[in-house]
Amino acid sequence: MQMPDPSREAGNFSVRSFLTFVFVGGFATGLHYAIILFTVYALGWSLVYGSTLGFSLSAVVNYLLNVKLTFRSTQSHKNTAPRFFLVAGSGLVLNYGILSILLSLDAHAVIAQILTTIGVLIWNYIVSGLWTFRQQTT
């Protein structure tokens, strides 16, 4: 008899999936920064070009790891990839908005960025679980 997967029983939301989501995001951020360092210091690229490449490649890695590890999605990339990148874009807009508001309220820059990051992380996790990687019912 096959044991049920507890992460499937709870839908896309579990302690395991949240911790994996945080780990995957941290890994993607580290990759982004590593690409920046390599392209800027080893290849002599401008920071803007290095960061753009780093962001692009780390976003793809972030997506693929979230498909396989975080949400264990069996959905088509044709459906999930556009949703993932739309959610990522909305997270960028949300990051800008929250950070701008907190800074306009004279919050300390580091505290404002930490609170903003937490807010965007929660947003991305919830929307990814409910929409991007939602399991299709049969």
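Sequence order as written defines residue numbering, which begins from 1 separately in each chain. Given that this is a predicted model, residues contribute local features only at a pLDDT of at least 70 and side-chain atom pairs are listed and counted only at 80 or more, while totals for whole chains, interfaces and linings are drawn from all residues. Calculated side-chain values reflect all of the structure's heavy atoms, with hydrogen atoms and water omitted.

Caption draft 1: Representation of the packing of helix α4 (residues 77-104) against helix α5 (residues 109-132) in the model. For the pair α4 and α5, interaxial distance at closest approach is 9 Å and the crossing angle is 155 degrees. The pairing of α4 with α5 is recorded here as roughly antiparallel in orientation. Where α4 crosses over α5, the two elements pack in a sense that is right-handed. Here the residues of the contact of α4 with α5 are counted per class, giving 15 nonpolar, nine polar and one charged. Lines fitted to C-alpha atoms define the axes here, with helix axes fitted over just the stretch in contact, and angles between the N-to-C directions of these axes take values from 0 to 180 degrees. Strands are runs of DSSP state E lasting at least 2 residues, helices are runs of H or I lasting at least 4, and numbering of each runs from the N terminus. Throughout this description, any angle smaller than 35 degrees is read as roughly parallel, any larger than 145 degrees as roughly antiparallel, any in the 65 to 115 degree range as roughly perpendicular, and the remainder as oblique. Left-handed describes a crossing whose near helix is turned anticlockwise from the far helix by less than a right angle; the clockwise case is right-handed. Three classes are used, and their members are as follows: Ala, Val, Leu, Ile, Met, Phe, Trp, Tyr, Cys and Pro are nonpolar, Asp, Glu, Lys and Arg are charged, and the others, Gly among them, are polar.

Caption draft 2: Inspection of a nonpolar patch on the surface at higher detail. Taken together, the side chains of F13, L86, V110, I111, I114, L115, I118, I122, I126, L130 and W131 make up a nonpolar region of the molecular surface, amounting to roughly 970 Å² of accessible area. Of all the elements, α5 adds the most residues to the nonpolar patch, at nine residues. Topologically, I122 is positioned in helix α5. Note on patches: the residues involved have over 30% relative accessible area and no salt bridge, like charges join within 9 Å, and the nonpolar side chains Val, Leu, Ile, Met, Phe, Trp and Tyr join within 5 Å. Values of accessible area rely on a 1.4 Å probe in the Shrake-Rupley scheme; residue burial ignores everything except the protein chains shown. Basic side-chain nitrogens of Lys or Arg form a salt bridge, by our definition, when they fall within 4 Å of a carboxyl oxygen of Asp or Glu.

Caption draft 3: Broad picture of the side chain of T39. Position of T39 among the secondary structure elements: in helix α2 (residues 15-42). Judged by relative accessible area, which is 2%, T39 ranks as buried. Side-chain polar atoms of T39 contact the backbone oxygen of I35, separated by 2.8 Å. Residues contacting T39, with those up to four places away along its chain left out, are G44, W45, G50 and L53. Accessibility here uses a 1.4 Å probe with only protein chains present; expressed as a share of the type maximum, an area under 20% marks a residue as buried, one over 50% as exposed, and anything in between as partly exposed. A 3.5 Å cut-off defines polar contacts: any pair of N or O atoms within that distance qualifies, except that in protein one atom must be a possible hydrogen donor and the other a possible acceptor, and neighbouring residues in sequence count only when both atoms are side-chain atoms. Any pair of residues with heavy atoms lying within 4.5 Å of one another is described as a contacting pair.

Caption draft 4: Representation of the nonpolar core. As used in this record, nonpolar core signifies buried Ala, Val, Leu, Ile, Met, Phe, Trp, Tyr and Cys residues forming a set joined through side-chain atoms within 4.5 Å. Core analysis: the largest hydrophobic core is formed by eight residues, namely F21, Y63, V67, F71, A81, F84, Y125 and F133. Put simply, the parts of the chain that give this core at least two residues each are α3 (47-70) and α4.

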